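# Reading the structure
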Amino acid sequence: MYQHVLLVTDLNDDTDIVASKAKWILDSSPSAQLSVLHIVEETMLGFGYELIPASALHEEIDDERCQVARTRLAKVLARNNLHAHNAKIKTAISGRKGIVDYCNTHAIDLVVIGRHKRTGLSAWLAGATADSILPDVDADLLVVQLDLVD
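What you are looking at is a predicted structure, and each value in this text was computed from that prediction instead of being measured.

### Focus on helix α1 (residues 15-28)
Helix length check: α1, at 14 residues, gives a terminal C-alpha distance of 20 Å against a target of 20 Å (1.5 Å per residue), a fit within 8%. All of the buried residues in α1 are Thr15, Val18, Ala19, Ala22, Ile25 and Leu26. When α1 is viewed along its axis, its buried side chains cluster within an angular range of 115 degrees and face the same direction. For α1, the exposed residues lying more than 90 degrees away from the buried face are Trp24 and Asp27.

### Points about helix α3 (residues 95-105)
Within α3 the residues assigned to the buried category are Gly95, Gly98, Ile99, Val100, Tyr102 and Cys103. A positive phi of about 50 degrees marks Ala107, the residue just after α3.

### Describing the side chain of Thr9
Along the chain, Thr9 falls in the loop between β1 (4-8) and α1. With a relative accessible area of 8%, Thr9 lands in the buried category. In this structure the side chain of Thr9 is engaged in a polar contact, spanning 3.2 Å, whose partner is the side chain of Thr15. Non-local contacts of Thr9, meaning those with residues more than four positions away in its chain, are made with Thr15, Val36, Leu37, His38 and Leu73.

Reading the values: rules and limits
Residues numbered from 1 in each chain as written. Predicted model: local features only at pLDDT ≥ 70, side-chain atom pairs only at ≥ 80, totals over all residues. Heavy atoms only, no water. Helix = DSSP H or I, 4+ residues; strand = E, 2+ residues; numbered from the N terminus. Expected span 1.5 Å × (residues − 1). Buried < 20%, exposed > 50% of the residue type's maximum accessible area, 1.4 Å probe, protein only. Arc of directions from axis to C-beta. Polar contact = N/O pair within 3.5 Å; in protein donor to acceptor, adjacent residues only side chain to side chain. Contact = heavy atoms within 4.5 Å.

Here it is as C-alpha cells:
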C-alpha cells in the first residue's frame, strides 16, 4: 500500500492516460495521499558566460506560464476526478531536477509519470524525463508508455 503518490504531468494531450493510472492506484490504496507536479522550465537568460533564470529579473515572466499551467492542471484533476493533497506548479532549471528535488523533500513512495516513445534524433537530443530520474528517486516508479514522438 502506497502512502504518498506523485503524479507528474507535462499537461500535454495524453495527460489523461497517465492520470487514469494514478487514479487506479489511488482507488486501490484509499489511505494514500496524492500530490501532482508540473514543472515549468525556467526561462534562462545569458549574460556573457553566465546563465541566470529570467524570474530573477522579472517574476512575471514565469508567473504567466505558471498561471496558464495552474488552469490546465485544475481541468485535468477535475476531468479525472482526482483530489490532490498538493497540486504544485514548480519552476526548475529542468524537469528532471524539479521532480527529483520534489521527491526528496516530500517522502514520495510512488511516482506515476508518462514516457513518450522517441526514435532517431529526437531520442538522442531530448531523451525521456522518466529515464533520467530513475537513478536519483528513492521511490517506486509507474512509467506509462505513451505514443511515439518524432
